[in-house]
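Here's the letter readout for the chains.
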Amino acid sequence: MRYVQGKYPLLAKNNIARGIYEMNILAPDLAALAVPGQFVHIALAGHSLRRPISICRIDEAHGVIKIVFALKGQGTRDLADVPVNSTLDIMGPMGNGFTLLEPGRKVILIGGGIGVPPMVGLSDYYREYATAISGFRDASIKILQDEFEKNGSRTILCTDDGSAGIHGFVTQPLEELLSSDGHYDCVYACGPMPMLKVISGICGKYDTLCQVSLEQHMGCGIGACLVCAVNIRRDGEEHFLHVCKDGPVFDSREVVW
Ligand SMILES: Cc1cc2nc3c(=O)[nH]c(=O)nc-3n(C[C@H](O)[C@H](O)[C@H](O)COP(=O)(O)OP(=O)(O)OC[C@H]3O[C@@H](n4cnc5c(N)ncnc54)[C@H](O)[C@@H]3O)c2cc1C
Ligand code: FES
């Protein structure tokens, strides 16, 4: 795992939905190393532990990365308060990102809630060959649909309460797509564990490769503290691996759900 650490200027900050912020950060060395699915580990004054946030977009040409995060506790609230033009103490890119197939392969990207941001980096890569299925609790926290559309990716929006798009879960359009033509080369997914488990089952049923990005509480972020252990079956045996160092992306068939 090759990563850098430094103080990087915050170029822009926007409140893009209720309690959700995007930030553009100038970090050319980090952007040059990053692939979709990796995350940054951000230090904040007054907090002993860094906070992990997925890299949403990598603009290597301009040396800029975008992150998108939801306010959860004091750490993310303090992050949202960081003023534009000041610097953020960041380590990254951390972890193993998604494995990319050749451009032009047909893929499905599934994001649940704040699991949608890492799917944008995949849409930047697969563009019109990607179908992005996004699920939110309700329309007030719908994010990033324009970014998929600008890339030419097909977008399918779902909400739990029917306030926008399809009234239901992301697993419904996934099953429809896989059963209708079955020519998708990979499904990529990030979101809550129960959602990932169902997606993994559906992909298994249609024998479609599926890569999932798991979220665990984190301490060190570099494989030294075991806080982020996850049970993975590899070579016929179960192992405790680190989400921070061995993941966050795993082949869904390896995860002991
Ligand atoms: C690899 C990875 C990538 C992530 N990417 C994003 C992202 O792109 N955008 C985003 O908004 N969030 C992301 N998260 C989650 C984010 O790190 C947490 O929401 C954040 O650390 C919470 O910090 P806080 O100080 O605001 O809240 P805290 O006060 O630390 O916690 C508030 C609540 O959130 C729970 N919580 C804290 N950390 C986690 C966690 N890692 N998983 C589940 N529950 C947690 C706590 O138990 C508590 O209930 C990611 C997490 C991981 C592990
Ligand atoms: S966060 Fe310390 S080992 Fe993963």
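Residues numbered from 1 in each chain as written. Chains lettered and ligands numbered in written order. Predicted model: local features only at pLDDT ≥ 70, side-chain atom pairs only at ≥ 80, totals over all residues. Heavy atoms only, no water.

Undergrad: Help me understand helix H5 (residues 171–180) in this model?
TA: Every buried residue belonging to H5 is among Thr171, Pro173, Leu174, Leu177 and Leu178, and all of these are buried. Angular distribution of buried residues about the axis of H5 spans 160°; they occupy a single face of the element. Buried positions along H5 lie against strand S8 (107–112), strand S9 (130–136), strand S10 (154–159), strand S11 (166–167), strand S12 (186–190) and helix H6 (193–205). (Buried < 20%, exposed > 50% of the residue type's maximum accessible area, 1.4 Å probe, protein only. Helix = DSSP H or I, 4+ residues; strand = E, 2+ residues; numbered from the N terminus. Arc of directions from axis to C-beta. Contact = heavy atoms within 4.5 Å.)

Undergrad: How do you make sense of the site of ligand 1 when you look at a structure like this?
TA: For ligand 1, the set of nearby residues contains 18 residues, the closest of which are Arg51, Pro52, Ala70, Thr76 and Glu215. Glycine 73 places a main-chain nitrogen or oxygen 2.8 Å from an oxygen atom of ligand 1. For ligand 1, whose accessible area on its own is 880 Å², the fraction buried by protein is 76%. Broken down by secondary-structure element, the contributors of at least two residues to the shell around ligand 1 are strand S4 (51–54), strand S6 (64–70) and helix H2 (74–80). Here the element with the most residues in the shell around ligand 1 is S4; it accounts for four residues. Class assignment of the residues belonging to the shell around ligand 1 gives a composition of eight nonpolar, seven polar and three charged. Here the shell around ligand 1 gathers at least three residues from each of two domains, domain 1 (4–94) and domain 3 (215–257). (Near = heavy atom within 4 Å. Polar contact = N/O pair within 3.5 Å; in protein donor to acceptor, adjacent residues only side chain to side chain. Areas by Shrake-Rupley, 256 points an atom, 1.4 Å probe, with all protein chains shown as cover. Nonpolar A, V, L, I, M, F, W, Y, C, P; charged D, E, K, R; others polar. Domains from an automatic or database assignment.)

Undergrad: Looking at this model, I keep getting lost on the sheet that holds strand S3 (residues 39–43). Mind explaining?
TA: Pairing between the strands of a sheet comes from backbone hydrogen bonds, and it takes one of two forms, parallel or antiparallel. Ordered in space as S4-S3-S7-S1-S2-S6-S5, the seven strands form an open sheet in which the pairing is antiparallel. In this open sheet, the two edge strands, each paired with only one partner strand, are S4 and strand S5 (57–59). Strand-to-strand twist of the sheet, defined as the mean angle between neighbouring strand axes without regard to direction, takes the value 35°. Alignment of S5 against S6, held across three bridges, turns out to be antiparallel. If you follow aspartate 59 over to S6, its bridge partner there is valine 64. (Pairing = 2+ DSSP bridges. Axes fitted to C-alpha atoms, helices over the stretch in contact; angles between N-to-C directions.)

Undergrad: Looking at this model, I keep getting lost on the side chain of threonine 159. Mind explaining?
TA: In this fold, threonine 159 is placed in strand S10. A distance of 3.2 Å separates a polar atom in the side chain of threonine 159 from the backbone nitrogen of serine 163. Among all residues touching threonine 159, those that are not within four sequence positions of it are Phe136, Arg137, Asp138, Ala139, Ala164, Ile166, His167 and Gly168.

Undergrad: Would you mind showing me how to read the side chain of histidine 41 here?
TA: Counting through the fold element by element, histidine 41 comes out in strand S3. Contact partners of histidine 41, with chain neighbours within four places excluded, come to Arg50, Arg51, Pro52, Asp89, Ile90, Met91, Met94, Met218, Gly219, Cys220 and Gly221.

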